[in-house]
Amino acid sequence: MSRIPLRAIIAEELADIGQHVRYKLPTCKARSTVWLGERGLGVRRYASGREVYIVQTRMGGRCRTITIAPTSVVTEHRAATIARRVMAHAEVGHDPADDRLRIRSAPMFRDFLDEYWQRTMPRWKKSSRQMHASYRRLYLEGSFPGISIDEIDEEHVARWFAALNSNTGPGAANRVLAILNAMLNKGEEWGYRSDGSNPCRSVRRNKSRKIERFLSSAELRRLGEVLEDDQSVEGSLRSTVAAAVTLLLLTGCRASEVAGLQWQDLRGYRLKLRDSKTGPRTVWLGDDARAVLDALSRPRNIPWVFWNAERRAPLVKLSNYWPSIRDRAGLSDVRLHDLRHTFASHAAMSNETLSMIGRLLGHRSLSATSRYAHLGDEHVSEAAQQIGAAMERLLL
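How each quantity is defined
- Residues numbered from 1 in each chain as written.
- Predicted model: local features only at pLDDT ≥ 70, side-chain atom pairs only at ≥ 80, totals over all residues.
- Heavy atoms only, no water.
- Salt bridge = Lys/Arg side-chain N within 4 Å of Asp/Glu carboxyl O.
- Pairing = 2+ DSSP bridges.
- Helix = DSSP H or I, 4+ residues; strand = E, 2+ residues; numbered from the N terminus.
- Axes fitted to C-alpha atoms, helices over the stretch in contact; angles between N-to-C directions.
- pLDDT = per-residue confidence, 0-100.
- Contact = heavy atoms within 4.5 Å.
- Buried < 20%, exposed > 50% of the residue type's maximum accessible area, 1.4 Å probe, protein only.
- Phe/Tyr/Trp six-rings, centres within 6.5 Å; stacked < 30°, edge-to-face > 60°.
- Polar contact = N/O pair within 3.5 Å; in protein donor to acceptor, adjacent residues only side chain to side chain.
- Lys, Arg positive; Asp, Glu negative; His and termini not counted.

Colleague: For the pattern of salt bridges, give the residues involved together with the corresponding values.
Modeller: One pass over the structure, following the stated rule, counts 16 salt bridges. A salt bridge links R213 to E219; the nearest nitrogen and oxygen atoms lie 2.8 Å apart. Look at the salt bridges and you will find they share partners, linking D114, R136 and E141 into a network.

Pasting the structure below:
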């Protein structure tokens, strides 16, 4: 039998409130107990008039008395059901004293949030620290007020996630839920919650887009014309941004990876990224990508590849400059990140294997690359059809 917190047993059984059954007990100043027909089940009355169901059994070699619920909210039948479950767990060595010790030591959510951050943050990458700090400030601080970390259940998380979806996009909501999930897993690992009690596992995540937007050949030509016009203005910010966007298309890099490039990262026909979403990785450059970098100026004492000379600072966020380029190319529904999907999609349409595409993109697992599988299959099918047609003509 799996280990289930005593409070969870009682809470589960109290989900449906039954008929109120009261007992006429003698009036007395001290508490008194009347034992019922079910083994170990009784009704205890206090001097205040309060009556509760209790169950008494031996646990850990000692006689234990567990309070189930007030007689005003459950029937005797429901109390008997709860008592049987409590006694069944006692027979396999589950002592509720362990739960009480854990409950007394479990911190409030706000305090656990501080502890989790202090203990886990040193192991995060710099970019993850910045993203997590933003999510913490916006969506975690102030959540679950007045609730200890061991009391958070599926209902709490479901309500919190519904409110979260009202305040942010589905992707961001999923990422914040992933942080909470990791927190509650640590709560179990550190002894604040019972094993296997993380309620985030039962909350349905938002669906993500199966296939991302990618540019067709005609759209790529329009975008190329805009980028060529901007790059013709040598020494300008427009030229620098255009070069960065071109490099995105030619390498499949993430925008943050290109914006953060330093000249020391360039090693021949490779970029040695010190920090990316999946950690340090190598990006291989083709002749065209290398030519884009060779055409850039390299001011002395400036480590950044893409430099905003007007502000004397790196570009930082390419997404700030993308709307102007996108609109001039007539690509109003295209995000900057879709250039990465364009790179991968055209690789799939060129019959590159998924493992090769995943390596080029720096994916950790093949599942992250599998969204492009149907593109490769489509072109393999088209090739098979053309070959079949050719064979048919030869047979005539």
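The structure having been displayed, the exposition proceeds.
Colleague: Before we move on, could you go through the sheet that holds strand β3 (residues 51-59) and cite the residues and values that matter?
Modeller: One open sheet holds the 4 strands; their spatial order is β1-β2-β3-β4, and the pairing between them is antiparallel. Looking at the sheet topology across the chains shown, the edges are occupied by β1 (32-35) and β4 (62-70). Strand-to-strand, the axes of this sheet are offset by a mean angle of 35 degrees, without reference to chain direction. When strand β2 (residues 41-45) meets β3, the two strands line up antiparallel, connected through 5 bridges. Counted as the bridge partner of R45 is E51 from β3.

Colleague: Go over the confidence of the model for the protein chain with me, naming the residues and quoting the values.
Modeller: Close inspection of predicted coordinates is inappropriate in any region flagged by low pLDDT. Overall, the prediction assigns the protein chain a mean pLDDT of 79, with 76% of residues at 70 or greater. Taken element by element, the predicted model of the protein chain shows its lowest mean pLDDT in helix α3 (residues 96-105) (50) and its highest in helix α4 (residues 109-120) (94). Low confidence marks residues 100-104, where pLDDT is under 50. Its contacts with residues over four positions away, or in another chain, come to 10 contacts.

Colleague: Give a description of the environment of V176 that names residues and reports values.
Modeller: For V176, the location among the structural elements is in helix α7 (residues 170-189). By relative accessible area, which is 0% here, V176 ends up buried. Sequence separation of V176 and L140 is 36 residues, and the distance between their C-alpha atoms is 8.0 Å. Excluding its chain neighbours within four sequence positions, the residues that come into contact with V176 are Y135, Y139, L140, W160 and L164.

Colleague: Quick one: what's the story with the environment of P299, residue by residue and with numbers?
Modeller: With respect to the helices and strands, P299 occurs in the loop between α11 (287-294) and β8 (307-308). In sequence terms P299 and A309 are 10 residues apart; their C-alpha atoms lie 9.7 Å from each other.

Colleague: Describe the packing of aromatic side chains, naming the residues involved and giving the relevant values.
Modeller: Each aromatic ring pair is summarised here by two numbers: the centre-to-centre distance and the angle between the ring planes. Counted according to the given criterion, the structure contains 9 aromatic pairs. Ring plane angle 55 degrees and centroid distance 5.8 Å describe the contact between F112 and W190, whose orientation is recorded as tilted. On the criterion of sequence distance, the pair formed by F112 in helix α4 and W190 in the loop between α7 and α8 (217-231) is long-range, its members being 78 residues apart. The same class applies to F112 and to W190, which are both buried. Here the aromatic cluster, defined as three or more aromatic residues joined through ring pairs, consists of F112, Y116, W117, W124, W190 and Y192.

Colleague: Which residues make up the side chain of R281, and what values do they have?
Modeller: For R281, the location among the structural elements is in strand β7 (residues 281-284). Looking at R281, the relative accessible area reads 10%, which means it is buried. In terms of polar contacts, R281 uses its side chain to reach the side chain of E257, at 3.0 Å.

Colleague: Before we move on, can you summarise the sheet that holds strand β5 (residues 266-267) with the specific residues and values?
Modeller: Spatial ordering of the open sheet is given by β5-β6-β7, a layout of 3 strands whose pairing is antiparallel. Looking at the sheet topology across the chains shown, the edges are occupied by β5 and β7. Bridge count between strand β6 (residues 270-273) and β7: 4 bridges; the pairing is antiparallel. Pairing of K272 across the sheet is with T282, part of β7.

Colleague: Provide a residue-level description of the side chain of R340, including the pertinent values.
Modeller: Along the chain, R340 turns up in helix α13 (residues 338-349). The side chain of R340 is buried and forms no salt bridge, while E257, the nearest opposite charge, is found at 4.7 Å.

Colleague: Run through the environment of T67, naming residues and quoting values.
Modeller: By the secondary structure assignment, T67 is in strand β4. Between the alpha carbons of T67 and G42 there is a distance of 9.7 Å; along the sequence they are 25 residues apart.

Colleague: So what's going on with unusual backbone geometry? Residues and values would help.
Modeller: It is generally the case that most residues other than glycine have a negative phi and that most peptide bonds are trans. Look at F144: it is not a glycine, yet its phi comes out positive at around 50 degrees. Take F144: it is sitting in the loop between α5 (126-140) and α6 (154-167). Unusually for a residue other than glycine, N301 sits at a positive phi of about 65 degrees. By the element assignment, N301 lies in the loop between α11 and β8. Overall, N301 belongs to the exposed group, its relative accessible area being 74%.

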